[in-house]
Amino acid sequence: MNGFLGTGATFGADLNLVVQLTMGMALIAGVLLARRKCYRAHGICQTTVLLLNLLMIALVMWPSFQQQVKPALSKVVHKWYYEVATIHAVLGMAAELLGLYIVVVAGTNVLPQWLRFKRWKFWMRAELALWAIVLVSGVGTYCAWYLAPFR
């Protein structure tokens, strides 16, 4: 099915782009909640974004990567079309795993004390910075795939 942004992308890719940009704005809103010391609302906001992102990874990004990139990866990794998607995937996995770790540390007592971090601001800021890089690389992937494909 054709997308709705007029780029030649699929509906799923267009929807994913819009959802990801909206989640980026929600993450900024979550930062503002933390600055206002509304930590419960901050946690709910950020966790919701993290879980929605996990859903988008499972439904859109992972199947797309498996279908379009993985089969050709070993042969053509030097082409921009594949490089940008691979960089995005690696950074995205790191951001999602760090986010899940932060949620487990912040929201549960499952992990022993020695596996829990103490410098909250550092890890939250690192995650936000990583997420921003992933969002930009995701927009780059969308552009490389649907606006200027060089296969």
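Keep in mind that this is a model prediction, so the values were computed, not measured.

## Notes on the packing of helix α1 (residues 11-35) against helix α2 (residues 39-68)
Alright, step 1. Running from N to C, α1 and α2 point in directions that differ by 165°, and their axes come no closer than 9 Å. In terms of axis orientation, α1 runs roughly antiparallel to α2. Relative to α2, α1 is oriented so that their crossing is left-handed. Here α1 contributes Gly12, Ala13, Asn16, Val19, Gln20, Met23, Ala26, Leu27, Gly30, Val31, Leu33 and Ala34 to the contact with α2, which in turn contributes Tyr39, Ala41, His42, Cys45, Gln46, Val49, Leu52, Asn53, Met56, Val60 and Met61.

## Some words on the environment of Leu147
Alright, step 1. You can see Leu147 is positioned in helix α5 (residues 120-147).
Alright, step 2. For Leu147, a relative accessible area of 51% translates into the label exposed.
Alright, step 3. A C-alpha to C-alpha distance of 8.5 Å links Leu147 and Ala9, two positions 138 residues apart in sequence.
Alright, step 4. Leave out the neighbours within four places in its chain, and Leu147 touches Thr7 and Tyr142.

## A word on α5
Alright, step 1. Under the 1.5 Å per step criterion, the end-to-end length of α5 is 39 Å for 28 residues, consistent within 8% with the ideal 40 Å.
Alright, step 2. Taken together, the buried positions of α5 are occupied by Glu127, Leu130, Trp131, Val134, Ser137, Gly138, Thr141, Tyr142, Ala144, Trp145 and Tyr146.

## Quick look at α1
Alright, step 1. In this model, α1 (25 residues) spans 36 Å end to end at C-alpha, consistent with the 36 Å of a helix rising 1.5 Å per residue.
Alright, step 2. Once α1 ends, the next one or two residues include Lys37, with phi positive near 65°.

## A word on the packing of α2 against α5
Alright, step 1. Running from amino to carboxyl end, α2 crosses α5 at an angle of 35°, the nearest separation of the two axes being 13 Å. The two elements α2 and α5 cross, and the hand of that crossing is left-handed. Packed against α2, whose contacting residues are His42, Val49, Leu50, Asn53, Ser64 and Gln68, the element α5 presents Met124, Trp131, Trp145 and Tyr146 at the interface.
Alright, step 2. Taken together, the residues that form the contact of α2 with α5 break down as six nonpolar, four polar and no charged.

## Some thoughts on a nonpolar patch on the surface
Alright, step 1. Together, Phe4, Leu5, Phe11, Leu15 and Val18 line one region of the surface with nonpolar side chains, adding up to about 400 Å² of accessible area.
Alright, step 2. When you line up the elements, Leu5 lands in the segment before α1.

## Some thoughts on the confidence of the model for the protein
Alright, step 1. With 93% of its residues at a pLDDT of at least 70, the protein reaches an overall mean of 90.
Alright, step 2. Summarising per-element confidence for the protein, the mean pLDDT is lowest in helix α3 (residues 73-76) (64) and highest in α1 (96).

## Examining the nonpolar core
Alright, step 1. Counting residues in each nonpolar core, the largest one holds 14 residues, and the members touching the most others are Ala9, Ala13, Val69, Tyr82, Tyr142, Trp145 and Tyr146.
Alright, step 2. Once residues lying within four places of it in the same chain are set aside, the contact partners of Tyr142 are Leu5, Thr7, Ala9, Ala13, Asp14, Leu17 and Leu147.
Alright, step 3. Within the second largest apolar cluster, 12 residues are counted, among which are Leu27, Val49, Val60 and Ala95.

## A closer look at the packing of aromatic side chains
Alright, step 1. Evaluated as defined, the whole model comprises eight aromatic pairs.
Alright, step 2. Aromatic pair Trp62 and Phe65: ring centres 6.3 Å apart, planes at 20°, arrangement stacked. In this pair, Trp62 and Phe65 are both assigned in helix α2, three residues apart and thus about one turn of the helix distant.
Alright, step 3. Phe65 gets classed as buried once you look at its relative accessible area, which sits at 14%.
Alright, step 4. Both rings, one in Trp145 and one in Tyr146, keep their centres 6.2 Å apart while their planes meet at 75°; by these two values the pair is edge-to-face.
Alright, step 5. Three or more aromatic residues joined by ring pairs form one cluster here, namely Tyr101, Phe117, Trp120, Phe122 and Trp123.
Alright, step 6. Geometry around Phe122 places Arg119 over its ring, the cationic atom sitting 4.5 Å from the centre.

What counts as what
Residues numbered from 1 in each chain as written. Predicted model: local features only at pLDDT ≥ 70, side-chain atom pairs only at ≥ 80, totals over all residues. Heavy atoms only, no water. Axes fitted to C-alpha atoms, helices over the stretch in contact; angles between N-to-C directions. Helix = DSSP H or I, 4+ residues; strand = E, 2+ residues; numbered from the N terminus. Parallel < 35°, antiparallel > 145°, perpendicular 65-115°, else oblique. Left-handed = near helix turned anticlockwise from the far one by under 90°. Contact = heavy atoms within 4.5 Å. Buried < 20%, exposed > 50% of the residue type's maximum accessible area, 1.4 Å probe, protein only. Expected span 1.5 Å × (residues − 1). Nonpolar A, V, L, I, M, F, W, Y, C, P; charged D, E, K, R; others polar. Patch = residues over 30% accessible without salt bridge, like charges linked within 9 Å, V, L, I, M, F, W, Y side chains within 5 Å. Areas by Shrake-Rupley, 256 points an atom, 1.4 Å probe, with all protein chains shown as cover. Salt bridge = Lys/Arg side-chain N within 4 Å of Asp/Glu carboxyl O. pLDDT = per-residue confidence, 0-100. Core = buried A, V, L, I, M, F, W, Y, C linked by side-chain atoms within 4.5 Å. Phe/Tyr/Trp six-rings, centres within 6.5 Å; stacked < 30°, edge-to-face > 60°. Lys NZ or Arg CZ within 6 Å of the ring centre and 35° of its normal.

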